[in-house]
Amino acid sequence: DVYVTMGRHETTLRWLAERQQQGAVVVNGPEGIRMCCHRKALNQRLREAGICLPPASGADGYWLKRADGVAEGPEDVVFAADLSALGEQQARMRKRGIMEWEVSAHIKGDLIKFYGVRQSGFFFTCYPGDDGQWKFDDERRNGLPRHYAFDRNVMHRMAEQAAAVTGIDVYGGDCIVSQSGQCFLIDFNDWPSFSRCRQEAAQAIVRRLNDYI
């Protein structure tokens, strides 16, 4: 049996884990989905793998991100200009009952979205600042893209490494490319929308499934 899932509810994940234990193929696997839904555990795994994430502090502000689940609204990922503002945003999260979060420094540079399917050869990148397709408008913080030169193969290897250490086959995420061309991974998630590349992604997903069956 082969299960292709976008499910994230814990009941669904437990059911899929049972099928997996019985020998079924599950894409994406439930443990990988759980990790992508818990930012603190995800970032810890990525750091342990040596993947370049933003530092915890810097001179250009901070990002405070809910760590106990996926971001469901703009209040789950917020920018703070300094430590005082960061403390205020943390207090707001506490009032909402959120006690786990991740703090990272804001990195100036180009925001690049990527979409991929592990070990399929498919890897699509784009600048949301070029086409204006924003999620919560947080992407505007970096302004219009300057298209700094960078090694796309390095970004692809970083994304594939993140997919490997999390056990996610169908993935997406975001990177910041600094003026020097360094890539910082700022988000990694299971099964993105593929809104910009659905046909190519669909073919790659089929290729990946064929690897299993």
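Structure shown above.
Being a predicted model, the structure only gives us computed values, none of them experimental.

What follows is about the sheet that holds strand E7 (residues 123-126). Taking strand neighbours across the sheet as the criterion, the four strands line up as E7-E6-E8-E9 in an open arrangement whose pairing is antiparallel. Only two strands of the sheet have a single neighbouring strand rather than two, namely E7 and strand E9 (183-190). For this sheet, the mean angle separating the axes of adjacent strands, direction not counted, is 20°.

Formed by 26 residues in total, the largest nonpolar core has its most connected members in Leu46, Ile51, Phe114, Met155, Tyr171, Leu185 and Phe188. Ranked by the residues each element gives to this core, the list is headed by helix H6 (residues 152-166), at five residues. Apart from residues no more than four positions distant in its own chain, Phe114 is found in contact with Phe123, Phe124, Thr125, Ala159, Tyr171, Gly172, Gly173, Asp174, Cys175, Leu185, Asp187 and Phe188. In terms of nonpolar packing, the next biggest core, distinct from the first, is built from 14 residues, Val25, Phe194, Ala204 and Leu209 among them.

With that settled, the discussion passes to the sheet that holds strand E5 (residues 101-105). Strand order in the open sheet formed by three strands is E4-E3-E5, and the pairing between neighbours is antiparallel. Among the strands making up the open sheet, the edge pair consists of strand E4 (77-80) and E5. Each strand axis lies, on average, 20° off the axis of its neighbour in the sheet, ignoring direction. Judged from the four bridges that link them, strand E3 (residues 62-66) and E4 form a sheet pairing that is antiparallel.

Inspection of every chain in the model, using the stated rule, returns two cavities of 30 Å³ or more. Roughly 160 Å³ of volume is contained in the largest cavity. In this structure, the largest cavity is lined by 16 residues; those nearest its centre are Asn43, Pro54, Lys65, Leu185 and Ile186. Breaking the lining of the largest cavity down by element, the ones donating at least two residues are helix H3 (39-48), E3, E5 and E9. Ranked by the residues each element gives to the lining of the largest cavity, the list is headed by H3, at five residues. Residues that form the lining of the largest cavity fall into these classes: nine nonpolar, two polar and five charged.

A contiguous nonpolar surface patch, about 370 Å² in accessible area, is contributed by Val2, Val4, Tyr212 and Ile213. By secondary structure assignment, the location of Ile213 is in the segment after helix H7 (198-212). Owing to a relative accessible area of 68%, Ile213 belongs among the exposed residues under this scheme.

Rules and cut-offs
- Residues numbered from 1 in each chain as written.
- Predicted model: local features only at pLDDT ≥ 70, side-chain atom pairs only at ≥ 80, totals over all residues.
- Heavy atoms only, no water.
- Pairing = 2+ DSSP bridges.
- Helix = DSSP H or I, 4+ residues; strand = E, 2+ residues; numbered from the N terminus.
- Axes fitted to C-alpha atoms, helices over the stretch in contact; angles between N-to-C directions.
- Core = buried A, V, L, I, M, F, W, Y, C linked by side-chain atoms within 4.5 Å.
- Buried < 20%, exposed > 50% of the residue type's maximum accessible area, 1.4 Å probe, protein only.
- Contact = heavy atoms within 4.5 Å.
- 1 Å grid on protein atoms, 1.4 Å probe; cavity = no way out; pocket = protein on both sides within 12 Å on 5 of 7 lines; lining within 4 Å.
- Points joined across faces, edges and corners; volume = space filled by probe spheres on them.
- Nonpolar A, V, L, I, M, F, W, Y, C, P; charged D, E, K, R; others polar.
- Patch = residues over 30% accessible without salt bridge, like charges linked within 9 Å, V, L, I, M, F, W, Y side chains within 5 Å.
- Areas by Shrake-Rupley, 256 points an atom, 1.4 Å probe, with all protein chains shown as cover.
- Salt bridge = Lys/Arg side-chain N within 4 Å of Asp/Glu carboxyl O.

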